[in-house]
Amino acid sequence: ETHINSELFFHRLYRVRRMLSSAVLIKHGTTCLFKCSSTSRRSGNNLHRHSSCVYKQLFFHSRRHVQLQLRLQQKTMTSATGNPGARETVDERLESIMNHSWVEKLNPDPETEANEPNKTSRRVKSGHFVRVKPTPLKHPALIIHSKKVLEDIGLCEGDESSDAFVRFFSGDSDAIPGMKTWATPYALSIMGQKHTSNCPFGTGEGYGDGRAISVGEVVNPKTKQRYELQLKGGGQTPFCRGADGRAVLRSSIREFIASEAMDSLGIPTTRALSLIRSEGGDVSNRPWYSVSVEKQVSKQLNEVTTDDPRLARFDVSEREAIVSRVRAQKRDPDTMIQEPNAITTRVAPSFLRVGHLDLFSRRASKPDASPLQKQELEMLVRHCYFREFSNEDDSWCSTAPIEDVARAVLEKSAVGIAVCVAEWMRVGFCQGNFNADNCLVAGRTMDYGPFGFLDAYDPAFAKWTGSGDHFAFAAQPQAAVANYFTLCSALATLLKGKEVEGNALIETFAKTIENEMTNVWAKKLGFHNDAPSLSKTAARDLYDETLKDLLYKHRADWTLFWRELSNVASALLSRKMSAKEAFSTFLEKKAFYKSVFSEQEIEMWTKALEAWIAALRTSGENESSTGEIVERMRRANPKYVPREYMLVEAYEAAEVGDYSVLRDVFIACCENPYDEGESSKYYTLAPEEALSKGGVAFMS
């Protein structure tokens, strides 16, 4: 192979192409001819090296062609013998719909081959991706899958139980050899500030997909929708920064449930196809909270009571709130535990992060930036528009001036991010680590690690011990503005108006997200989407000036309060019940962690409810029936969200092989979270320990 005569090589290649009729082979053969003709001008060993590479590719595809032909003959023979039920296998189906735009349209890291298998941390200085294969789990077992995602990507129910499916989505990429696998580099920016300290080299060249490996792209032949498939916990990559590249069963269950719950809640999100665990000894050590230390800390914190003389200057409600927050103060893990490994396959049209564009802008903006580095930024911007904002047959982003494409990306991204973050607020979701690298350009939720859903309302809520005030629940709109600032800064050099145009877009985005927040509070309070802007503003003012302070001071459960408010609406609008009666009947006994309300506090809530109903009546909502208003509120205020104590129950049972709790949580939160349903056991206040215990109330 290394000394084949070039003229004889091309002659043989031409003959083989004519002999084999496979469309796949012809496509790849044409690619091979193109590559060879472009290198035929080179001489000596260089030509021999390229000839050898193409020859190997041709040999692989010819062998693959024979295998596919044999399968086709077997299927034909089966049909002829009266078994019309034969169908494509999973590997056949995936190979027939695969379409790898990222690795075919963008540039590889030129140092990939020299660093194979690319499973240790290193500096990646150029290129949009590194080819790296996932590390298979030992003795993989499918735990749960999403039927809807399975069908969305073009597979069929039943495919998930095949050996090829379980092997491939547990990291054995050889199970379906036609699928490409890769990891990507990106940059880290926190609240608009560029960072390189998280990179082991201090340069930012070692930051990227540390334990996420993309394992292919497919285009559903019916919907024409493209999806990228990515293994979370697929093993080490050049961006693993010394870690093992693995995810554990606990974190994988949290990601799977949260992804599918968010979709059912109507919030843009990455999806979860499958969750596969190792039953063969693949484990990782992770920091966690020991029972002994937890008991000791709990005992100390419980000594702080409402009778503490230091709290004498506060009223009863304020003392209760202070004590509850003292008991829930965050602390880091104190021990290491061994946990089984697992892999969640997440699915999205793309996983293009603001951090991707941030990185390539940094490369292109250096004083000594090469023409290739500037070209790679433009390539990525065009690819971003293609993947996120166009149809498969739309070629505009390939031919339009780059300044037009860049502006279109920024304008569409602004809408997506604003809507996504406002929707987080609606359901009480806190992402917890909303850096630019955890912000998808299209405005889609991802990175279900440090996330959490509110129990008792607290604007400073975040599950992750490292979230700080800047990533707390109420600060998420400001974090979104910071991430959009990073995106505009990254693309400013491509815009016609440069920084001036970018700054104008940032100002517009800040107004857009404010408008979306106003829409969310109006929606939760029962106002129609087409309500006059003055009515929506009145709803926003009611929340900002009255409700949120009462919710915080009296420790309202975010999910239960809003759902019970939906139940209150009918009685109040029809005047069958006074505001005071409604509060005592529906809200006081069901939706608060506070145990006793004074007459003064009840009066506060009575006035707030009366103001709300008056606003509905004067906003044109009198044209809507009471039933319509209640239904709108129920569609805006879910009955079930995946609270942390539910997830803990699910993964603790799963660790000993009991997946029934996982299925119960999935049904409640991921199928019909707005319906009344039968999962009433989850429609309740969180257990007291869930508000203060390490690993439930907070985590690292």
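Trainee: What should I look at first to understand the overall build of the protein chain in this one?
Mentor: In terms of helices and strands, the protein chain carries 23 helices and 13 strands. Scored against the burial criterion, the 700 residues of the protein chain give a buried share of 55%. Excluding contacts between residues fewer than 6 apart, the proportion of contacts in the protein chain whose partners are at least 24 apart in sequence is 74%. Working note: accessible area of the protein chain is about 30,300 Å², and carbon and sulfur atoms make up 51% of it.

Trainee: Would you explain the pairing of strand β10 (residues 283-288) in this entry?
Mentor: When a strand is regular, its side chains alternate between the sheet's two faces. Only one face of β10 is buried: it carries Ser 284, Arg 286 and Trp 288, and the other face, with Val 283, Asn 285 and Pro 287, is open. Two elements, β10 and strand β11 (residues 335-348), share six bridges in a ladder whose sense is antiparallel. Residue pairing in the sheet places Ser 284 in a bridge with Glu 339 of β11.

Trainee: I keep staring at helix α22 (residues 644-654) and nothing clicks. Help me out?
Mentor: With nine of eleven residues buried, α22 lies mostly within the body of the structure. Those residues of α22 that fall on the buried side of the exposure criterion are Glu 644, Tyr 645, Met 646, Leu 647, Val 648, Ala 650, Tyr 651, Ala 653 and Ala 654. At its buried positions, α22 is contacted by α8 (249-264), β9 (271-278), β10 and α23 (660-670).

Trainee: Please explain the pattern of salt bridges as it appears in this structure.
Mentor: Note on pairing: side chains with opposite charge can pair once their charged atoms come close. As enumerated under the stated definition, the model contains 42 salt bridges in all. The partner of Arg 167 in a salt bridge is Asp 172, and the shortest N-O contact between them spans 2.9 Å. For Arg 167, a relative accessible area of 31% puts it in the partly exposed group. Note on Asp 172: relative accessible area 17%, which makes it buried. In this structure, Glu 501 engages Arg 407 in a salt bridge whose closest nitrogen and oxygen atoms are separated by 2.6 Å. Residue Glu 501 is located in helix α16 (residues 498-524), and its partner Arg 407 is located in helix α14 (residues 402-427); the two are separated by 94 residues in the primary sequence. For Glu 501, a relative accessible area of 16% gives the class buried.

Trainee: Explain the confidence of the model for the protein chain here, please?
Mentor: Where the model shows low pLDDT, its predicted coordinates should not be examined in detail. Summary statistics for the protein chain give a mean pLDDT of 87 and a share of 87% for residues scoring 70 or more. Confidence drops under a pLDDT of 50 for residues 1-85, and excluding neighbours within four residues, the segment shows 55 contacts in the predicted structure.

Trainee: Could you clarify how one ought to interpret the pairing of strand β6 (residues 212-219) in this entry?
Mentor: Burial runs high along β6: eight of the eight residues are buried. Where β6 and strand β7 (residues 226-232) come together, seven bridges link them in antiparallel fashion. Following the sheet pairing, Val 219 is matched in β7 by Arg 226. Between β6 and β7, which pair antiparallel one after the other, the connecting turn spans six residues, and Lys 224 there sits at a positive phi close to 65°.

Trainee: Would you explain the side chain of Arg 555 in this entry?
Mentor: Within the secondary structure, Arg 555 sits in the loop between α17 (533-553) and α18 (558-573). Discounting residues that sit within four places of it in the chain, Arg 555 has contacts with Glu 320, Ala 321, Ser 324, Arg 325, Ala 456, Ala 591, Phe 592, Tyr 593, Lys 594, Glu 688 and Leu 691.

Trainee: I would appreciate a short explanation of the packing of aromatic side chains in the present structure.
Mentor: The way to describe two aromatic rings as a pair is by their centre distance and the angle between their planes. Evaluated as defined, the whole model comprises 31 aromatic pairs. Arranged with centres 6.1 Å apart and planes meeting at 75°, the rings of Trp 521 and Trp 558 form a pair that is edge-to-face. Here Trp 521 is found in helix α16, whereas its partner Trp 558 is found in helix α18, with 37 residues between them in sequence. Taken as a pair, Trp 521 and Trp 558 share a single burial class, namely buried. Here Phe 561 and Trp 605 contribute two aromatic rings whose centre-to-centre distance is 5.4 Å and whose plane-to-plane angle is 50°, an arrangement assigned as tilted. Of this pair, Phe 561 sits in helix α18 while Trp 605 sits in helix α20 (residues 599-617), and the two are 44 residues apart along the sequence. Comparing Phe 561 with Trp 605 shows no difference in burial state: the two are buried.

Trainee: Would you mind showing me how to read unusual backbone geometry here?
Mentor: Backbone phi values are negative for most residues with the exception of glycine, while trans is the configuration of most peptide bonds. The peptide bond linking Glu 116 to Pro 117 adopts the cis configuration, its omega dihedral lying at 5°. Looking at the secondary structure, you find Pro 117 in the loop between α5 (101-105) and β1 (130-131). A positive phi angle, close to 50°, is found at Met 191, a residue other than glycine. Turning to its location among the elements, Met 191 is positioned in the loop between β4 (188-190) and β5 (193-195). For Met 191, a relative accessible area of 30% translates into the label partly exposed.

Trainee: Quick question: what am I supposed to make of helix α11 (residues 354-365) here?
Mentor: Spacing of three or four residues puts side chains on the same side of an α-helix, whose turn is 3.6 residues. Across its twelve residues, α11 extends 16 Å between first and last C-alpha, which sits within 8% of the 16 Å expected from 1.5 Å per residue. The set of residues buried in α11 consists of Val 354, Gly 355, His 356, Leu 357, Asp 358, Leu 359, Phe 360, Ser 361, Arg 362, Arg 363 and Ala 364. Considering only its buried residues, α11 is in contact with α5, β4, β5, α12 (371-389) and α15 (476-491).

Trainee: Just checking my understanding: could you explain the packing of α8 against α22 for this structure?
Mentor: In helix packing, the relevant descriptors are the interaxial angle and the interaxial distance, both defined with respect to the helix axes. Interhelical geometry of α8 versus α22 gives an angle of 130° and a closest axis separation of 9 Å. When the axis of α8 is compared with that of α22, the two are oblique. The crossing of α8 and α22 is right-handed. Seen from α8, the contacting residues are Leu 249, Arg 250, Ile 253, Arg 254 and Ile 257; seen from α22, they are Glu 644, Leu 647, Ala 650, Tyr 651 and Ala 654. In the contact of α8 with α22, the residues fall into seven nonpolar, no polar and three charged.

Trainee: In this structure, what is going on with the environment of Leu 685? I would like to understand it.
Mentor: Counting through the fold element by element, Leu 685 comes out in the segment after α23. Separated by 129 residues in sequence, Leu 685 and Ala 556 place their C-alpha atoms 9.6 Å apart.

Trainee: Whenever I open this one, the side chain of Thr 559 confuses me. Can you help?
Mentor: You can see Thr 559 is positioned in helix α18. Taking relative accessible area as the criterion, Thr 559 reaches 5% and is therefore assigned buried. In contact with Thr 559, other than residues within four places in its own chain, are Leu 454, Pro 638, Lys 639, Val 641 and Arg 643.

Trainee: Explain a negative patch on the surface here, please?
Mentor: Together, Glu 649, Glu 652, Glu 655 and Glu 689 line one region of the surface with negative charge. With respect to the element layout, Glu 649 can be found in helix α22.

Trainee: Sorry if this is basic, but what is going on with the nonpolar core here?
Mentor: Side chains of nonpolar character tend, in soluble globular proteins, to be buried together. Judged by nonpolar contacts, the single largest core of 154 residues is most densely connected at Val 381, Leu 491, Phe 561 and Trp 612. Filtering out sequence-adjacent residues up to four positions away, Val 381 remains in contact with Leu 357, Ile 402, Val 405, Ala 406, Val 409, Leu 491 and Leu 494. By size, the runner-up hydrophobic cluster in this structure holds 30 residues, among which are Val 90, Leu 94, Ile 153 and Ile 176.

Trainee: Looking at this structure, how should I read the packing of α18 against helix α21 (residues 626-636)?
Mentor: Interaxial distance between α18 and α21 falls to 9 Å at its minimum, and their mutual angle equals 170°. In terms of orientation, α18 lies roughly antiparallel with respect to α21. Residues Arg 563, Leu 565, Ser 566, Asn 567, Ala 569, Ser 570 and Leu 573 of α18 pack against Thr 626, Ile 629, Val 630, Met 633 and Arg 634 of α21. Of the residues contributing to the contact of α18 with α21, the split by class is six nonpolar, four polar and two charged.

Trainee: For this particular structure, what's the right way to read the environment of Val 419?
Mentor: Note on placement: Val 419 falls in helix α14. A C-alpha to C-alpha distance of 9.4 Å links Val 419 and Val 520, two positions 101 residues apart in sequence.

Parameters at a glance
Residues numbered from 1 in each chain as written. Predicted model: local features only at pLDDT ≥ 70, side-chain atom pairs only at ≥ 80, totals over all residues. Heavy atoms only, no water. Helix = DSSP H or I, 4+ residues; strand = E, 2+ residues; numbered from the N terminus. Buried < 20%, exposed > 50% of the residue type's maximum accessible area, 1.4 Å probe, protein only. Contact = heavy atoms within 4.5 Å. Areas by Shrake-Rupley, 256 points an atom, 1.4 Å probe, with all protein chains shown as cover. Pairing = 2+ DSSP bridges. Salt bridge = Lys/Arg side-chain N within 4 Å of Asp/Glu carboxyl O. pLDDT = per-residue confidence, 0-100. Phe/Tyr/Trp six-rings, centres within 6.5 Å; stacked < 30°, edge-to-face > 60°. Expected span 1.5 Å × (residues − 1). Axes fitted to C-alpha atoms, helices over the stretch in contact; angles between N-to-C directions. Parallel < 35°, antiparallel > 145°, perpendicular 65-115°, else oblique. Left-handed = near helix turned anticlockwise from the far one by under 90°. Nonpolar A, V, L, I, M, F, W, Y, C, P; charged D, E, K, R; others polar. Patch = residues over 30% accessible without salt bridge, like charges linked within 9 Å, V, L, I, M, F, W, Y side chains within 5 Å. Lys, Arg positive; Asp, Glu negative; His and termini not counted. Charge placed at Lys NZ, Arg CZ, Asp CG, Glu CD. Core = buried A, V, L, I, M, F, W, Y, C linked by side-chain atoms within 4.5 Å.

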